[in-house]
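# Structural characterization, general
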Amino acid sequence: MPTYVITGVSKGLGWEFLNQLSSDSSNTVIGLVRNKPATEKRVAEELSGRTNITILHGDLVDYSSLEKAAADTAAITGGSIDYLIANAAQVTEYDAYRSIDSLATDPGELTKQFRSQMETNVLANIYLYHLFMPLILEGKIKKVVFISSGMGDLELTRNFNIDVTPVYSTTKAAMNMINAKFSARYKKEGVLFLSICPGMVDVGKFSEVTAEQGARLGETVGKFKMYAPDWQGPDTPPSSVKAVLSVVNQCSLENGDSGAFLSHYGDKQWLK
Ligand SMILES: NC(=O)c1ccc[n+]([C@@H]2O[C@H](COP(=O)([O-])OP(=O)(O)OC[C@H]3O[C@@H](n4cnc5c(N)ncnc54)[C@H](OP(=O)(O)O)[C@@H]3O)[C@@H](O)[C@H]2O)c1
């Protein structure tokens, strides 16, 4: 009866993790969100009858809410969890279609956005890991998964001149290192930490772009096609989440996967 805690289950990939994992009634699935009533309503409407789901309030940038979510989780599960999936992140339009020179023309805004993304996507995950570690250490499976991005990969950026999302990409690269640091600390206690890129997934954001943003997106997609000539375009949440969970299940400390940064194919190729 594995127990999962997933952050950011209100929408996008987080919702799909909640959906797929709770479809097995022997799993206990706890989802953390900022707006608990809204997600509880969505669960009641779209996943009714799934008594193995609990939604808790958990805002990444509110330490006390994470502390309470960890305590509430322990009360539900008896003090242990098997998997922690750090999925939630600030994924903003701010730098999605812009390069570093353009962002730096407004230092006030760049400073504000940089601090905010680093706080949400990196620092908050350190606290999340720290607060849930006692529960993971009591669990049987002991797997911690950070949902990363190939945009945080130095080689992809270098070799294909991927100049968009400079702040977001930096937070993902930083968190890959934090994941490896937690791995270095907790490997001896049997905890496997993984950073996994889910691929490029359409969670509804691409339909909202302006003409200018669309042109930048097209340019980046063109670079992705040079990187992976057979790539057919963005994935769907169900297919991406299925692939990520398969990598999570296959990876182990015994295989030497501790602290690894992998794609949803289980290797270092972010798109195929
Ligand atoms: N989609 C892709 O192509 C892609 C590619 C690579 C990596 N990823 C990664 O996959 C993960 C999920 O992304 P997505 O595409 O599903 O994006 P999304 O639809 O924007 O979902 C982001 C989730 O994070 C939550 N969140 C944001 N700030 C939060 C905070 N302060 N506290 C708690 N939760 C917060 C959001 O909750 P609210 O509803 O409250 O805003 C939402 O549930 C992210 O880590 C992203 O970087 C996505």
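Here is a short report on the structure shown in this document. All values derive from a computational prediction rather than experimental measurement.

Secondary structure assignment for the chain yields 9 helices and 7 strands. If you line up the chain on its principal axes, its C-alpha atoms span 50 × 40 × 35 Å. The burial tally for the chain puts 50% of its 272 residues in the buried class. Roughly 12700 Å² of accessible area belongs to the chain as shown, and the carbon and sulfur atoms make up 53% of that amount. Taken as two groups, the 26 positive and 30 negative side-chain charges of the chain have centres that lie 3 Å from each other.

Pairing is parallel across the open sheet formed by 7 strands, whose spatial order is β3-β2-β1-β4-β5-β6-β7. A strand with exactly one partner marks an edge of an open sheet, and here the two such strands are β3 (53–57) and β7 (260–263). Each adjacent strand pair in this sheet contributes to an overall mean axis angle of 20°, direction not counted. Relative to strand β6 (residues 192–197), strand β5 (residues 143–147) is paired through 5 bridges, and the arrangement is parallel. Bridge pairing in β6 places V144 opposite F193. On top of the sheet, helix α2 (residues 36–46) reaches β2 (28–33) and β3; it is set at about 165° to β3, its chief contact. In the packing of helix α7 (residues 166–186) onto the sheet, the strands contacted are β5, β6 and β7, and the crossing angle to β6 comes to about 160°.

Turning our attention to the packing of helix α3 (residues 63–77) against helix α5 (residues 107–138). Between α3 and α5, the least distance of the axes is 10 Å, while the angle of their chain directions is 25°. By the angle between their axes, α3 is roughly parallel relative to α5. For the crossing formed where α3 meets α5, the hand is right-handed. The segment α3 lies against α5, with Y63, L66, E67, A69, A70, T73, A74 and T77 engaging A124, Y127, L128, L131, F132 and L135. Among the residues forming the contact of α3 with α5, the class breakdown is 11 nonpolar, 2 polar and 1 charged.

Below, the discussion takes up the site of the ligand. Taken together, the neighbourhood of the ligand is formed by 25 residues, with S10, N87, Y168, V201 and K205 sitting nearest. Contacts to the ligand include L13, whose backbone N or O atom sits 2.8 Å from an oxygen atom. R34 is positioned such that a nitrogen or oxygen atom in its side chain is 2.8 Å from an oxygen atom of the ligand. For the shell around the ligand, the secondary-structure elements that each account for two or more residues are α1 (12–22) and α7. Tallied by class, the residues present in the shell around the ligand amount to 11 nonpolar, 9 polar and 5 charged.

Strand direction decides the pairing type here: β2 and β3, joined by 5 bridges, are parallel. By the bridge assignment for β3, G31 is matched with I55. Between β2 and its parallel partner β3, the chain crosses via α2, and the hand of that crossover is right-handed.

Next up on the list: the pairing of strand β1 (residues 3–7). Counted residue by residue, β1 has 5 buried out of 5 residues, so it is predominantly covered. As defined by bridge partners, β1 adjoins β2 across 5 bridges and the pair is classed as parallel. The residue bridging T7 from the neighbouring strand is L32, located in β2. Where the polypeptide runs from β1 across α1 and back to β2, its parallel neighbour, the crossover connection is right-handed. Where β1 and strand β4 (residues 83–86) come together, 3 bridges link them in parallel fashion. The residue of β4 that forms the bridge with Y4 is Y83.

Glancing now at the nonpolar core. Membership of the largest hydrophobic core comes to 30 residues, with the highest contact counts inside it found for F17, L18 and I85. In this structure, F17 is in contact with I6, I85, N87, I147, V241, V244 and L245, ignoring residues within four places of it in sequence. Within the second largest apolar cluster, 29 residues are counted, among which are A70, F132, I136 and F193.

A few words now on the packing of aromatic side chains. Within a pair of aromatic rings, the relevant descriptors are the distance that separates the centres and the angle that separates the planes. Tallied over the full model, the rule gives 10 aromatic pairs. With centroids separated by 6.2 Å and ring planes inclined at 15°, the aromatic side chains of F182 and Y186 adopt a geometry described as stacked. One end of the pair is F182 and the other is Y186, both in helix α7 and 4 residues apart, which spans about a single turn. Owing to a relative accessible area of 13%, F182 belongs among the buried residues under this scheme. Seen from their ring centres, F182 and F193 are 5.8 Å apart, and the 40° between their planes marks the pair as tilted. Taken together, the positions of F182 in helix α7 and F193 in strand β6 put the pair 11 residues apart, joining distant regions of the chain. Taken together, the ring pairs in this structure connect Y129, F182, Y186 and F193 into an aromatic cluster. When the ring centre of W15 is taken as reference, the NZ or CZ atom of R42 above it lies at 3.8 Å. The ring of Y186 has R185 lying over it, and the distance from NZ or CZ to the ring centre is 4.4 Å.

What counts as what
Residues numbered from 1 in each chain as written. Predicted model: local features only at pLDDT ≥ 70, side-chain atom pairs only at ≥ 80, totals over all residues. Heavy atoms only, no water. Helix = DSSP H or I, 4+ residues; strand = E, 2+ residues; numbered from the N terminus. Buried < 20%, exposed > 50% of the residue type's maximum accessible area, 1.4 Å probe, protein only. Areas by Shrake-Rupley, 256 points an atom, 1.4 Å probe, with all protein chains shown as cover. Lys, Arg positive; Asp, Glu negative; His and termini not counted. Charge placed at Lys NZ, Arg CZ, Asp CG, Glu CD. Pairing = 2+ DSSP bridges. Axes fitted to C-alpha atoms, helices over the stretch in contact; angles between N-to-C directions. Contact = heavy atoms within 4.5 Å. Parallel < 35°, antiparallel > 145°, perpendicular 65-115°, else oblique. Left-handed = near helix turned anticlockwise from the far one by under 90°. Nonpolar A, V, L, I, M, F, W, Y, C, P; charged D, E, K, R; others polar. Near = heavy atom within 4 Å. Polar contact = N/O pair within 3.5 Å; in protein donor to acceptor, adjacent residues only side chain to side chain. Right-handed = clockwise from strand over helix to strand, strands pointing away. Core = buried A, V, L, I, M, F, W, Y, C linked by side-chain atoms within 4.5 Å. Phe/Tyr/Trp six-rings, centres within 6.5 Å; stacked < 30°, edge-to-face > 60°. Lys NZ or Arg CZ within 6 Å of the ring centre and 35° of its normal.

The values reported here are purely geometric and, on their own, carry no functional implication.
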